[in-house]
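# Topology and contacts: notes
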Amino acid sequence: MNALLTQARSRGGLLSFARFLGLALIGSGILAASAQVTVPMWPVPATLQSLAVLLLGALGGSRLGAASVALYLAEGAMGLPVFAGGATGLTAFAGPTAGYLLGFLPAAWIAGQASGSWLRGALVLTVAHLALFVPGVAWLAGFAGWEKALMAGFVLFIPGTLVKTGLAFAALRLARRQG
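Residues numbered from 1 in each chain as written. Predicted model: local features only at pLDDT ≥ 70, side-chain atom pairs only at ≥ 80, totals over all residues. Heavy atoms only, no water.

As named in an unreviewed UniProt entry, the chain is Biotin transporter, taken from Roseomonas mucosa. According to UniProt, the comment filed for the chain under the heading Sequence similarities (unreviewed entry) is "Belongs to the BioY family." (UniProt positions renumbered as here; feature names shortened; annotations may be inferred.)

Dropping the structure here:
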């Protein structure tokens, strides 16, 4: 173990890991804050979480975006009130929104691939946003049936999805111009 720590320190690995972890914790905090901006709907509330997921992935990259989501999910599972409406604990992973929570992971990873041309960026962010709906609607169907799950868990969210994907794309384009 000492040899590994010495090697990590000598290459800057420990410092890089600490920086990465710190950024991922900030990302998880952004996700927690975005979950508290809630429009009550049943069975899935509308929040700013998907926008935060897209931004974390697109601006931080796949690894950092997914790590931020993983930390956020772990914080919620451990009982911190970080989920929408202040939901906490493992019961959140058994309720109707669990599929969406888990869908944040692939969405952040996919959003991290949004580089290159503006067309590629827009396409990747759209696919990333849609990717969180797949496990979300599939899980929700177990509670409400497929027809209701598609309507209440996807169709009603299309206008907000378009706006949030557009905002994430605009932020990505702005960041690319600045950097």
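Once that is clear, we can look at the UniProt feature "transmembrane region" (unreviewed entry) in the chain. Within the UniProt annotation, "transmembrane region" (unreviewed entry) is assigned to residues 20–39, 51–74, 86–110, 122–144 and 150–172. The distance from the first to the last C-alpha atom of residues 51–74 is 20 Å, and the span holds 96% helix and 0% strand. Annotation note: span residues 86–110, helix share 52%, strand share 0%, distance between end C-alpha atoms 27 Å. (Helix = DSSP H or I, 4+ residues; strand = E, 2+ residues; numbered from the N terminus.)

This next bit is on helix 3 (residues 49–60). Between its first and last C-alpha atoms helix 3 spans 16 Å; for 12 residues at 1.5 Å apiece the expected length is 16 Å, and the two agree. Buried residues dominate helix 3, accounting for nine of its 12 residues. Taken together, the buried positions of helix 3 are Gln-49, Ser-50, Leu-51, Ala-52, Val-53, Leu-54, Leu-56, Gly-57 and Ala-58. In the core, the buried residues of helix 3 are packed alongside helix 2 (13–35), strand 2 (46–47), helix 4 (62–77), helix 5 (98–111), helix 6 (118–144) and helix 8 (158–178). Gly-61 lies just past helix 3 and shows a positive phi near 95°. (Expected span 1.5 Å × (residues − 1). Buried < 20%, exposed > 50% of the residue type's maximum accessible area, 1.4 Å probe, protein only. Contact = heavy atoms within 4.5 Å.)

Attention shifts here to the packing of helix 4 against helix 5. Two elements in contact, helix 4 and helix 5, have axes separated by 7 Å at closest approach and are oriented at 165°. Relative to helix 5, helix 4 is oriented roughly antiparallel. In the packing of helix 4 onto helix 5, the handedness of the crossing is right-handed. Of helix 5, the residues touching helix 4 (which contributes Ser-62, Arg-63, Gly-65, Ala-66, Val-69, Ala-70, Tyr-72 and Leu-73) are Leu-101, Leu-102, Phe-104, Leu-105, Ala-108 and Trp-109. Here the residues of the contact of helix 4 with helix 5 are counted per class, giving 11 nonpolar, two polar and one charged. (Axes fitted to C-alpha atoms, helices over the stretch in contact; angles between N-to-C directions. Parallel < 35°, antiparallel > 145°, perpendicular 65-115°, else oblique. Left-handed = near helix turned anticlockwise from the far one by under 90°. Nonpolar A, V, L, I, M, F, W, Y, C, P; charged D, E, K, R; others polar.)

Okay, the packing of aromatic side chains next. Counted under the stated rule, the structure contains six aromatic pairs. Ring plane angle 80° and centroid distance 5.0 Å describe the contact between Phe-133 and Phe-154, whose orientation is recorded as edge-to-face. Taken as a pair, Phe-133 in helix 6 and Phe-154 in the loop between helix 7 (146–153) and helix 8 lie far apart in primary sequence, 21 residues in all. Overall, Phe-133 belongs to the buried group, its relative accessible area being 7%. (Phe/Tyr/Trp six-rings, centres within 6.5 Å; stacked < 30°, edge-to-face > 60°.)

Counting through the fold element by element, Leu-105 comes out in helix 5. Sequence separation between Leu-105 and Ala-131 is 26 residues, and the spatial gap between their C-alpha atoms is 9.4 Å. In this structure Leu-105 touches Ala-66, Val-69, Ala-70 and Leu-73, once residues within four positions along its chain are discounted.

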